[in-house]
Amino acid sequence: MKTIIALSGSLRKNSVNTFLLQEAAKLAPSGVEILIASIENIPLYNWDLEDKHGIPDAVVQLKEKIELSSGLLISTPEFNHGIPGVLKNTIDWLSRPAADIPKVFGNRPTGVIGAAAGHFGSALAQAAWLPILQCLNAKAYFGKSLHVGSSYSVFDESGTITDSKVQKRLLEYVEGFVKFATKSS
């Protein structure tokens, strides 16, 4: 079984970005699992903490999951036209020590999707992730894009997508990204 690790850029319990990944996981084709990993126990990056105590266990465990995966799928909110701090913080920890970057990100098939309350979804945040992924030498997926706008009207209370057009676009994205990620690995 091939595994794709998915990260939501929100810590919120009922995050639409977590909902989006949960729906993506349901659409994974046979032989592929989309596993949502939590970032809630990742501390704020502090070089003094790293120097004194090393890499935190939560970071080490997440790095190991990503290293064993066929790909990384990020679902990003957009805050003030930019990327969420908690997710950037996680990526910063995952890149420590710098010698680990090739194992965690190097040529790793990586997709970025997202949902936000605004009309354009998380389009600006998704674009802002590209230079970061390029710096880490991740292999970005450009086959499809998925910007879910007006996100609070797209999901019901349980996190199920209620908009058939969004559901279809998510299915197309998942199919394309899974093919890209599993072909690359």
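Structure: see above.
Residues numbered from 1 in each chain as written. Predicted model: local features only at pLDDT ≥ 70, side-chain atom pairs only at ≥ 80, totals over all residues. Heavy atoms only, no water.

Peer 1: With reference to specific residues and values, describe the pattern of salt bridges.
Peer 2: Scanning the entire structure with this criterion turns up six salt bridges. Residues Glu23 and Lys26 are paired through a salt bridge, measuring 2.7 Å at the closest nitrogen-oxygen approach. One end of the pair, Glu23, and the other, Lys26, are both in helix H1 (residues 16–26), three residues apart, so they sit about a helical turn from each other. Exposure remark for Glu23: the relative accessible area of 5% places this residue in the buried category. What makes Lys26 exposed here is its relative accessible area of 60%. Linking Asp92 and Lys88 is a salt bridge whose minimum nitrogen-to-oxygen distance equals 2.5 Å. Taken together, the residues Asp92 and Lys88, both in helix H4 (residues 85–94) and four residues apart, mark about one turn of the helix. Look at Lys88 and you get partly exposed, because its relative accessible area is 26%. (Salt bridge = Lys/Arg side-chain N within 4 Å of Asp/Glu carboxyl O. Helix = DSSP H or I, 4+ residues; strand = E, 2+ residues; numbered from the N terminus. Buried < 20%, exposed > 50% of the residue type's maximum accessible area, 1.4 Å probe, protein only.)

Peer 1: So what's going on with the environment of Gly106? Residues and values would help.
Peer 2: Its location among the elements puts Gly106 in the loop between helix H5 (101–104) and strand S4 (109–115). What makes Gly106 partly exposed here is its relative accessible area of 22%. Considering only alpha carbons, one finds Gly106 and Gly82, 24 residues apart in sequence, at a separation of 24 Å. Apart from the residues lying within four places of it in its own chain, the contact partners of Gly106 are Ile101, Leu136 and Asn137. (Contact = heavy atoms within 4.5 Å.)

Peer 1: For the side chain of Asn17, give the residues involved together with the corresponding values.
Peer 2: Mapped onto the elements, Asn17 comes out in helix H1. Separated by 2.9 Å, the side chain of Asn17 and the backbone nitrogen of Ala115 make a polar contact. Once residues within four sequence positions are removed from consideration, Asn17 is found in contact with Ser8, Ser75, Thr76, Pro77, Gly114 and Ala115. (Polar contact = N/O pair within 3.5 Å; in protein donor to acceptor, adjacent residues only side chain to side chain.)

Peer 1: Tell me what's going on with the pairing of strand S3 (residues 71–75), and back it up with residues and numbers.
Peer 2: For S3, the tally of buried residues reaches five of five residues, placing the bulk of the element in the interior. Burial along S3 is two-sided: Gly71, Leu73 and Ser75 facing one way and Leu72 and Ile74 facing the other are all buried. As paired elements, S3 and S4 share four bridges and run parallel to each other. If you follow Ser75 over to S4, its bridge partner there is Ile113. (Pairing = 2+ DSSP bridges.)

Peer 1: Lay out the side chain of Gln126 in plain terms, naming residues and giving numbers.
Peer 2: Checked against the element boundaries, Gln126 lands in helix H6 (residues 123–135). Using a relative accessible area of 7% as the deciding quantity, one classes Gln126 as buried. Ignoring anything within four residues of it in the chain, the contact list for Gln126 reads Thr76, Val112, Ile113, Gly114, Leu146 and His147.

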